[in-house]
Amino acid sequence: MGRLDDATFLETWQSRVPWGLNVLGVVLLLNQALLWWWQPFAGDAEARPVTLQEPRAAAALRGAPAKAQLGKVVKLPRYKGTPSPVLGQAVDRYARISYAELGGLWNPGKPLGADQGTYFNRTQEFVTEEHNGGRSWIAQLGSGRLPTPLQGFFTGPDRLFKTALAFEDRHTADVWPKGTVARDVASQPFRVQGRPAWIIARELNFTGLKEGVKTTTELSVTVMVDVDGYRPSFVNLCLPDTHRMLRPDVNRVISSIRVLP
């Protein structure tokens, strides 16, 4: 078939497509544009397609993904609730940072060895619920150095934003079920004793994806700190919505971060 010029193509297309479908297409495009405009960050990933095994209602509840954008600052909220008591400062010498050691529901923190296959050097946890025959869902507070595979993001004037976002993307892929919808709700610069840092807060919605688990949404907050100009360190706190009243722990931990000499 030869190539049609623009006028011939338009005339042929219009003769084959009913007028009503043209109008419907315009309406759908306008609807998508309005949805995009209302997002706090631009969505750049496709939502998980609905399957026969997944109720459409569950997919709708998860909403649309939205990722933090370079140059767009949205401040972390001051969360309301009842924060956990602070028992002292947890020290992560490998990461060259310290931060609040939490009490209350939180178990004592512990260092993790390299043989445990994690990029966290130290964690503090508590079980938020048991599910599926005794398996545990947990809240976690931890720290470490930027994982080696992500070191390439630590370049340029926006390196802390890029590494914090890359860390959250990797953490999302590693921890939550496939199809989880991630919405970044805060992205802002920060200073830790004069050292540059960046905060990204992400809400994760896995409604209908984890059978037997009461919680369907979770908050993950990462602070990436430039401790030595070479390889940044992170503090990350993940808190399921079953324990939403502990969200002030996020603000308390961030304000307590210090860089070790």
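Relevant structure appears above.
All values reported here derive from a predicted model rather than from experimental measurement. (Residues numbered from 1 in each chain as written. Predicted model: local features only at pLDDT ≥ 70, side-chain atom pairs only at ≥ 80, totals over all residues. Heavy atoms only, no water.)

## Section: helix α5 (residues 248-256)
- Most of α5 sits out of view: 7 of its 9 residues are buried.
- Within α5, burial applies to P248, D249, V250, N251, V253, I254 and S256. (Buried < 20%, exposed > 50% of the residue type's maximum accessible area, 1.4 Å probe, protein only. Helix = DSSP H or I, 4+ residues; strand = E, 2+ residues; numbered from the N terminus.)

## Digging into the packing of aromatic side chains
- If you walk through the whole model with that rule in mind, you get 8 aromatic pairs.
- Ring geometry for F120 and F167: centres 6.3 Å apart, planes at 70 degrees, overall edge-to-face. Taken together, the positions of F120 in the loop between β3 (110-111) and β4 (122-131) and F167 in helix α4 (residues 159-175) put the pair 47 residues apart, joining distant regions of the chain.
- By relative accessible area, which is 1% here, F167 ends up buried.
- Each ring, one from F167 and one from F234, has its centre 4.3 Å from the other, and the planes form 35 degrees; the classification is tilted. Here F234 lies in strand β9 (residues 233-240) and F167 lies in helix α4, a separation of 67 residues in the sequence.
- Residue F234 is classed as buried on the basis of its relative accessible area of 0%.
- An aromatic cluster is built from Y119, F120, F167 and F234, whose rings are joined through pairwise contacts. (Phe/Tyr/Trp six-rings, centres within 6.5 Å; stacked < 30°, edge-to-face > 60°.)

## Overview of unusual backbone geometry
- Within the chain, R96 stands out as a residue other than glycine whose phi angle is a positive 60 degrees.
- Among the structural elements, R96 can be located in the loop between β1 (86-92) and β2 (97-102).
- Exposure remark for R96: the relative accessible area of 25% places this residue in the partly exposed category.
- Unusually for a residue other than glycine, Q193 sits at a positive phi of about 50 degrees.
- Within the secondary structure layout, Q193 lies in the loop between β6 (181-192) and β7 (195-205).

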